[in-house]
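Observations on the three-dimensional arrangement
Letter by letter, the chains look like this.
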Amino acid sequence: MLIGVPKEIKNHEYRVGLTPAATKEFVTHGHEVLIENNAGASIGFDNDQYIAAGAVIIDTAEEIFARAEMIVKVKEPQPNECKMLREGQTLYTYLHLAPDPTQTELLVASSATCIAYETVTDNRNGLPLLAPMSEVAGRMSVQAGAHYLEKAQGGSGTLLGGVPGVAPGKVLVIGGGVVGTNAAKMAIGLGADVTILDRSLTRLRELDDIFANQVKTVYSTIDAIDYYSSKADLVVGAVLIPGAAAPKLLSKEHIANMKEGSVVVDVAIDQGGCFATSKATTHQDPVYIVDGVVHYCVANMPGGVARTSTMALNNATLPFGLALANKGPKQAMLDDVHLLNGLNVHKGKVTYKAVVDALGKELNLEYMDARAALEM
C-alpha cells in the first residue's frame, strides 16, 4: 500500500502521523511511505531519518493526497485537506466529528473511508488509540492549570501545593477515566487537595484503591458539582462519551459561582467541551476569562508536548495501521470489530451512530451500520 503522511497544519500542531521507527515498520512489511518535507523536523525527526527508514520525501501535501492510498495524520483534516480526499482513499487520524458539522459534511462529500482513532476499541471496553493522548492531556491539564493560577496569568495567585503554614489549592477533577486519573496523579504530585467526581461506583472504588487517602472520591450529582466547583481553585473537565458530544457538566451559573481567579481546563473540548462557557482555543492564544474564571480550552493540548505525544500515539496506532495496510482497509475492519468501530464515514455514509445523533438533523444524515457500509 502507498501510505502518505502530510505535515500537520493546525495552529501550533507539531505532531506527525508516523515516526521514522513506525515508517520503517511499514516499509519492512512491503509498503511505500511518502512523507511531506520536514513533516517531523520541528520535533527532532528530520528528513534524513525518514529516508534512512525507507520513506520518500515529497515536497507538497497536494502530491501526497493525490498519490497515497492511505493518509495517516494526527489531527482532524482541515477544510482544504478534506477537499483533497477522494473515494477509495483511507484516512486514518483523529476526527472528533460530533461537534464539527463542517468537517463531517466535507468528509461525507469526499466519499473517502475515514477511520477515527478516538472510536477504535479494545477487549477491555477501552479506547486504545485515544488513551495515550488522554494520558498526556490529563497530565498537562494540571500543569497548565497551575501556570494560569499565577497572578500574572490572570489567576488568583494560588500555589497548588501550598507551603508549610498555608493550605494547598483545591483541585476538582470531573471524570475518573484516563484523563481524570492522570490529572489526579499530577495534582497529588504537586501536593494539592484533590477531589474526583464520577458516576461509576466501580470506578470510584478503583480510584480509592489506586490513590488511597490521597484523594477524595465523590459520587457525581448536581449537588456535588455545585458544592465542589464553588470551592475549587482548579477544575479539570475529564468526561467522555465515545464519539459523541461531551455533556455540559458545569453551567454558566457554576462558572459564575466559582472563586475569582480560579481556573478551568476543559480536556473534552475536542468533543465540544464539558463546560457551558467553553470555546476552543489554540496554543497561540490558549485562555480567556468568563466571570473572573480563567478558561483553558486548547483543542490539541498534547500538541504542546509534540515529541512525547507523537511517540506515544505511534505506539498505539501502529498495529492497527499495519493491519489496514497489510490486509486492505475493508478486510482489516471485517476481521477486527474493534477497528471496525473506528469507521466513522465510508463512501458518503456516516457509520458512527453518535455522530448522526449529534448532527443528523442539521446535516440531514442517516446512520448506516459500518459492516453494511463496507459491503456496499
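Residues numbered from 1 in each chain as written. Predicted model: local features only at pLDDT ≥ 70, side-chain atom pairs only at ≥ 80, totals over all residues. Heavy atoms only, no water.

1. A word on the overall build of the protein chain
When you go through the protein chain residue by residue, the secondary structure sums to 15 helices and 15 strands. Since a compact globule built from 376 residues should have a radius of gyration of about 21 Å, the 21 Å found for the protein chain is in line with a globular shape. Projected onto the principal axes, the alpha-carbon positions of the protein chain cover approximately 65 × 45 × 35 Å. With 376 residues in all, the protein chain has 55% of them scored as buried. (Helix = DSSP H or I, 4+ residues; strand = E, 2+ residues; numbered from the N terminus. Rg over C-alpha atoms; globule rule 2.2 N^0.38 Å. Buried < 20%, exposed > 50% of the residue type's maximum accessible area, 1.4 Å probe, protein only.)

2. What to know about the sheet that holds strand β12 (residues 287–290)
Spatial strand order, β9-β8-β7-β10-β11-β13-β12: seven strands in an open sheet with mixed pairing. For this open sheet the edge positions go to β9 (215–219) and β12, each flanked by a neighbour on one side alone. The sheet shows a mean angle of 20 degrees between the axes of neighbouring strands, direction not considered. Here strand β8 (residues 193–198) runs beside β9; their pairing, made up of five bridges, is parallel. Looking across to β9, one finds that Val194 is bridged to Val215. Strands in contact with helix α6 (residues 131–148) are β10 (234–237), β11 (263–266), β12 and β13 (293–296); relative to β11, the strand with the most contacts, it is inclined by about 155 degrees. The sheet contacts of helix α8 (residues 201–211) involve β8 and β9, and relative to β9 the element is tilted by about 175 degrees. (Pairing = 2+ DSSP bridges. Axes fitted to C-alpha atoms, helices over the stretch in contact; angles between N-to-C directions. Contact = heavy atoms within 4.5 Å.)

3. Description of the environment of Thr351
Along the chain, Thr351 turns up in the loop between β15 (349–350) and α14 (353–363). Classification of Thr351 as buried rests on a relative accessible area of 5%. Between the C-alpha atom of Thr351 and that of Pro99, which follows or precedes it by 252 residues, the distance is 16 Å. When neighbours within four sequence positions are excluded, Thr351 is seen to be in contact with Leu343, Asn344, Val345, His346, Tyr367, Met368, Asp369, Ala370 and Ala373. Of the polar contacts made by the side chain of Thr351, one reaches the backbone oxygen of Leu343; its length is 2.8 Å. (Polar contact = N/O pair within 3.5 Å; in protein donor to acceptor, adjacent residues only side chain to side chain.)

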